[in-house]
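Descriptive analysis of the structure
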Amino acid sequence: MSREELDNPMILRAKPAALAIVNNNNCYHRNNEEEGESKLEPNVGLEFDSAEEAQEFYNLYATKLGFRIRIGQLYRSRVDGSVISRRFVCSKEGFQTTSRTGCPAFIRVQKADSGKWVLANVKKEHNHELETSGEICPSRVQRKNIPNLKSPVVVVVSTRTGLRSIDEDGPGPSGIIDLKRFKRERIDVELQPRGSEPYKGLEFTSAGEAYEFYNAYAANLGFKVRIGQLFRSKNDGSITSRRFVCSKEGHQHPSRVGCGAFMRIQRQETGRWLVDRFQNEHNHELGLPVDASGRVKGFKEEASSVLENMDLVELNGGLSLVTRGRESRIGSDWYNELFEYFQARQADDMGFFYAVEMHNGRALSVFWADARSRFSCTQFGDAVVFDTTYRKGGSYSVPLASFIGINHHRQPVLLGCALIAEESEESFTWVFQAWLRAMSGRHPVSIVADQDRSIQHSIAQVFPGIHHRFSAWQIKATEQENIGALLSMNPEFKYEYETCIFQSQTANEFEAAWNVLVNKYNLRKNTWLMEMYRMRKSWVPLHIRGTFFAGIPMDGSLKSYFGTILTSQTPLSEFLIRYEKALEQRREEERKEDFNSFNLQAVLHTKDPIEDQCRRFYTITMFQVFQKELLECYSFVGIKINVEGAISRYLVQKSGSGDERNTVAFNASSLNVSCSCKMFEFEGVLCRHALKVFQIMNIRELPSRYILHRWTKDAKYGILRDVDSGGASKDHKALMLWSLREEAKNYIEAVTASLERYKLAFEIMQEGRRNLCWQN
């Protein structure tokens, strides 16, 4: 709406039309006419020509009632990234500042196929008092007063845990911004005179100076800066162009909304840097600007987890970093609904567990697990996926994380759920500790989780010694962000990069291929690649294969537990219903596979006694995995290459082809076997190479240690089958409790169908109890 339009009475029309009267002071008088009252009311189905028109309409409505609005979340199409839905909320929504009360009032408009924007959801109730004056000035949504920057504030930041520097093509004077010397206790704020806004043609002596200028400009407007792409000369590899972007650019993190604001600088022949492109439009609400005293409000450095939970405040005459107040991404109306559900579940399920993180009297993160999930953890809690799929889309209303295991049918099994209040180390640590308490303190062997520093630190603290493997989806996202252009434009680089990552068989092989890659393509100064190399043991297959991960695919293709039934945009009114539906659907799939494994038999394809032995023990799914390896081993040959005492080493390779070859060590006295492909260590099933050596040595039966109990039909008994009967240790009591509780639950369900069954079952239980007493 232009100022000229505001100077005259106006009718803002939607379907139906909304009426409001504006005076010359830009303030809206309440209209008490019945017609006006009804027309200004937001109702589902109301149409607008644009999202901005819907925003103005809600602003008029808010003014009439006596509250102000803010722009809330937006949602984008997964097809083309265009905005398809927007939320406009009461200004008191959330708890990010002391003035906010978590008000639930909002409207949501959705883009229809016709191009119109339709009001899809509305909540009119507020949890605070509205303004009572008869004349309310309208909210200025997403419009910030930009102060005149005669002396812009430049925040110079460097940190020991920072990942990136501005310029890599020379020493300090040429533009390096060192992000490796930051001290947590203090930040230096320097004042340098400069123009108030970037413009095309603006010159700088160095890239560092350009960054300082844009950072100061951003601080005064109320947004933060990240370092974007750089471009190098094809002749000598020197940096010729740089982009500095809004911190909310892209969609790799839930806090990012694809903002298009940026400044690009180009290096001239003179060595100076010139602004050749500038975009100043943001698609999100800006934060608080720097005030006249130079104090930065709401500062948060996104490049480093050290600053993730810190604010700049003035203490003892200087600026210091202090821990900021804890925030929650969970809507305030969620807690009551969840707690009612938890209490109802506890009445039916004695083993139901839930925990709530409290901070300064406020509820933050929430964790829960039913008895079935807790029992499943005793069976399949050795390899765990901490699934934070909600972060993928870049926008979400439900920060739902889940702990997922792999059952004996290779199906995902739920081991617990949590709502994450905020993505901080404190929140993740609390969630991991809550899960550990629910699972009787049993640590997993391995975990697949995101690589955020806060998650890495939390896992190291709660599960010391565990192998943390990074989520494949996040690796791909950051890979695309940092070397995506090179991968798409240079097929040779793409081939060599993927060969290095996925085909290296030994550490020396990987090191050699990596060094060739970074030297050939001048990538020694690519900070992302250097950081990923440092953390190679958490994502490169070569370093992961030696740890048990229950065969969870390296490419991240594990089927989501909740699928499309439950998503990060599921509204509160449907969340618990959909959660229960997904849970029952998954458990019904497991029951079907249990039935099939006990009542159907897979077809044998050889006369090898080992095949028949494994068919008796494995579930149908796992037998098919083993059977494939057994059949493949017939197309391999094994050659003994050396003998050291009882240990013989074989080179096993495919007949007629030297492409696939592995080394197998076999101990004739203990029948121990180990293959360089590490399939048994990673997946728990013997590989074709080891089976070939067993054939050569005429081994007719596999040692029991090579048929993992977790893959067998009787996996529901956990590890207790192999425990000595001489007494129960403290560690085994929890396993026995869950095993008996689950069996008792099934027993009760079966015998309560009739009075006759109940009487028989009761007699059997009494007899069993008497027998146990006599043994004591």
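The residue numbers shown here count from 1 along each chain, following its written sequence. Only residues with pLDDT of at least 70 get local features here, since the model is predicted, and only at 80 or more are side-chain atom pairs given and counted; chain-wide, interface and lining totals rely on the full set of residues. With hydrogens and water excluded, all non-hydrogen atoms of the structure serve as input to the side-chain values.

**Quick look at the sheet that holds strand β26 (residues 636–644)**
Strand pairing is assigned whenever DSSP detects at least two bridges linking the two strands. Each helix is a run of DSSP H or I of at least 4 residues and each strand a run of E of at least 2, with the numbering of both proceeding from the N terminus. Taken together, the 4 strands give an open sheet; going across it, the order is β26-β27-β28-β29, and neighbouring strands pair in antiparallel fashion. In this open sheet, the two edge strands, each paired with only one partner strand, are β26 and β29 (672–675). Here the strands of the sheet are splayed against their neighbours by 25° on average, with no regard to which way each runs. Pairing of strand β28 (residues 661–667) with β29 involves 4 bridges; the strand directions are antiparallel. Of the residues in β29, the one forming a bridge with V664 is C675. Angles run from 0 to 180 degrees between N-to-C directions of axes, and those axes are lines fitted to C-alpha atoms, restricted for helices to the stretch in contact.

**Observations concerning the pairing of strand β21 (residues 383–387)**
Buried means the residue's accessible area, taken with a 1.4 Å probe over protein chains only, is under 20% of the maximum for its type, while exposed means over 50%, and partly exposed covers the values in between. Within β21, 5 of the 5 residues are buried, which leaves the element mostly enclosed by the surrounding structure. Residues A383, V385 and D387 point to one face of β21 and V384 and F386 to the other, with burial holding for every one of them. Bridge count for β21 against strand β24 (residues 446–449) is 3 bridges, and the pairing is parallel. Bridging across to β24, V385 finds its partner in V448. Across 3 bridges, the pairing between β21 and strand β22 (residues 400–406) is antiparallel. Bridged to D387 within β22 is S402.

**Things to note about the environment of K64**
Residue position: K64 is located in helix α3 (residues 51–65). Taking the relative accessible area as the measure of exposure, K64 reaches 11% and is therefore buried. For K64 and E131, which are 67 residues apart along the polypeptide, the C-alpha to C-alpha distance reads 9.6 Å.

**Details of unusual backbone geometry**
At L671, a residue that is not glycine, the phi angle is positive and equals roughly 60°. Among the secondary structure elements, L671 is positioned in the loop between β28 and β29. The residue K678 is not glycine, and still its phi comes out positive at about 60°. The residue K678 is located in the loop between β29 and α17 (679–683) in this model.

**What about the environment of S674?**
For S674, the position within the fold is in strand β29. In the structure, S674 is positioned 12 residues away from L686 in sequence and 9.2 Å away in space, judged by C-alpha atoms. Residues within four places of S674 in sequence aside, it is in contact with T663, V664, A665 and E681. Working rule for contacts: check all heavy atoms of both residues, and any pair within 4.5 Å makes them a contact.

**Quick word on the packing of helix α9 (residues 472–489) against helix α12 (residues 527–534)**
Two quantities define a packed helix pair, namely the angle between the helix axes and the distance between the axes. In the contact formed by α9 and α12, the axes pass within 9 Å of each other and the chain directions differ by 145°. Residues I475, T478, E479, N482 and I483 of α9 form the contact with α12, whose own contacting residues are W528, L529 and M532.

**Notes on the pattern of salt bridges**
For this analysis, a salt bridge means a side-chain nitrogen from Lys or Arg found within 4 Å of a carboxyl oxygen belonging to Asp or Glu. Summed over all chains, the structure comprises 33 salt bridges. With its nearest N and O atoms 3.9 Å apart, the salt bridge here joins E125 to K123. By relative accessible area, which is 31% here, K123 ends up partly exposed. Note that E481 is salt-bridged to R226, the shortest N-O span being 3.4 Å. Here E481 is found in helix α9, whereas its partner R226 is found in strand β13 (residues 225–232), with 255 residues between them in sequence.

**Thoughts on helix α11 (residues 507–520)**
What a helix is expected to span follows from its residue count: subtract one and scale by 1.5 Å. For α11, spanning 14 residues, the distance from its first C-alpha to its last is 20 Å, which sits close to the expected 20 Å at 1.5 Å a residue. Residues of α11 that are buried include every one of F510, W514, L517 and V518, and no others. For α11, the arc enclosing every buried residue in end-on projection is 85°, short of the 170-degree limit, so these residues lie on one face. Looking one or two residues past α11, N522 carries a phi angle of roughly 55°, positive in sign. As used here, the arc belongs to the directions running from the helix axis to the C-beta atoms.

**What to know about the packing of aromatic side chains**
Only rings of Phe, Tyr and Trp enter the pairing, Trp through its six-membered ring, and a pair is recorded when the two centres are within 6.5 Å. The plane angle decides the type: under 30 degrees is stacked, over 60 is edge-to-face, the rest tilted. Enumeration according to the criterion identifies 43 aromatic pairs in this entry. Through successive ring pairs, a cluster of aromatic residues spans W334, Y335, F339, Y341, F342, F352, Y354, W368, Y561, F562, F575 and Y579. Whether a charge sits over a ring comes down to the Lys NZ or Arg CZ being within 6 Å of the ring centre and within 35 degrees of the ring normal. Over the ring of F262 we find R243, and its NZ or CZ is 4.2 Å from the ring centre.

**Regarding the nonpolar core**
Side-chain atoms within 4.5 Å are what join buried Ala, Val, Leu, Ile, Met, Phe, Trp, Tyr and Cys residues into a set we call a nonpolar core. With 69 residues, the main nonpolar core has W368 and F626 as its most contacted residues. Apart from the residues within four sequence positions on either side, F626 is in contact with I610, E611, C614, Y618, V685, L691 and L702. The next biggest cluster of nonpolar side chains, apart from the first, holds 33 residues, and it includes F403, L436, A449 and V462.

**Structural notes on the sheet that holds strand β6 (residues 83–90)**
The strand order β4-β8-β7-β6-β5 describes an open sheet built from 5 strands, whose pairing is antiparallel. Here the strands that pair on one side only, and so sit at the sheet edges, are β4 (47–48) and β5 (69–76). Here strand β7 (residues 106–111) pairs with strand β8 (residues 117–123) via 6 bridges, running antiparallel. Note that in β8 the partner of K111 across the bridge is W117.

**With respect to the side chain of R586**
Take R586: it is sitting in helix α14 (residues 572–599). Excluding residues that lie within four positions of it along the chain, R586 makes contacts with P412, K559, S560 and Y561.

**Looking at the confidence of the model for the chain**
Low-pLDDT portions of the prediction should not be read for the details of their coordinates. Across the chain, each position has a pLDDT score giving the predictor's confidence in that residue, from 0 to 100. With 76% of its residues at a pLDDT of 70 or more, the chain shows a mean pLDDT of 78. Within the model, pLDDT remains below 50 along residues 291–324, and this stretch shows 81 contacts once partners closer than five positions in the same chain are excluded.

**Concerning the side chain of Q613**
Counting through the fold element by element, Q613 comes out in helix α15 (residues 609–617). Counting of polar contacts relies on pairs of N or O atoms within 3.5 Å, with two restrictions inside protein: one atom must be capable of donating a hydrogen and the other of accepting it, and residues adjacent in sequence are counted only when both atoms are side-chain atoms. A distance of 2.8 Å separates the side chain of Q613 from the backbone nitrogen of L702, its partner in a polar contact.

**Some points on a nonpolar patch on the surface**
On the surface, L755, Y758 and F762 cluster together into a nonpolar patch covering about 310 Å² of accessible area. With respect to the helices, strands and loops of the structure, L755 is situated in helix α20 (residues 755–775). By relative accessible area, L755 is classed as exposed at 51%. What goes into a patch is any residue over 30% in relative accessible area without a salt bridge, connected to like charges within 9 Å or, for nonpolar side chains (Val, Leu, Ile, Met, Phe, Trp, Tyr), within 5 Å. Accessible areas in this description were obtained via Shrake-Rupley with a 1.4 Å probe; residue shielding takes into account the shown protein chains only.

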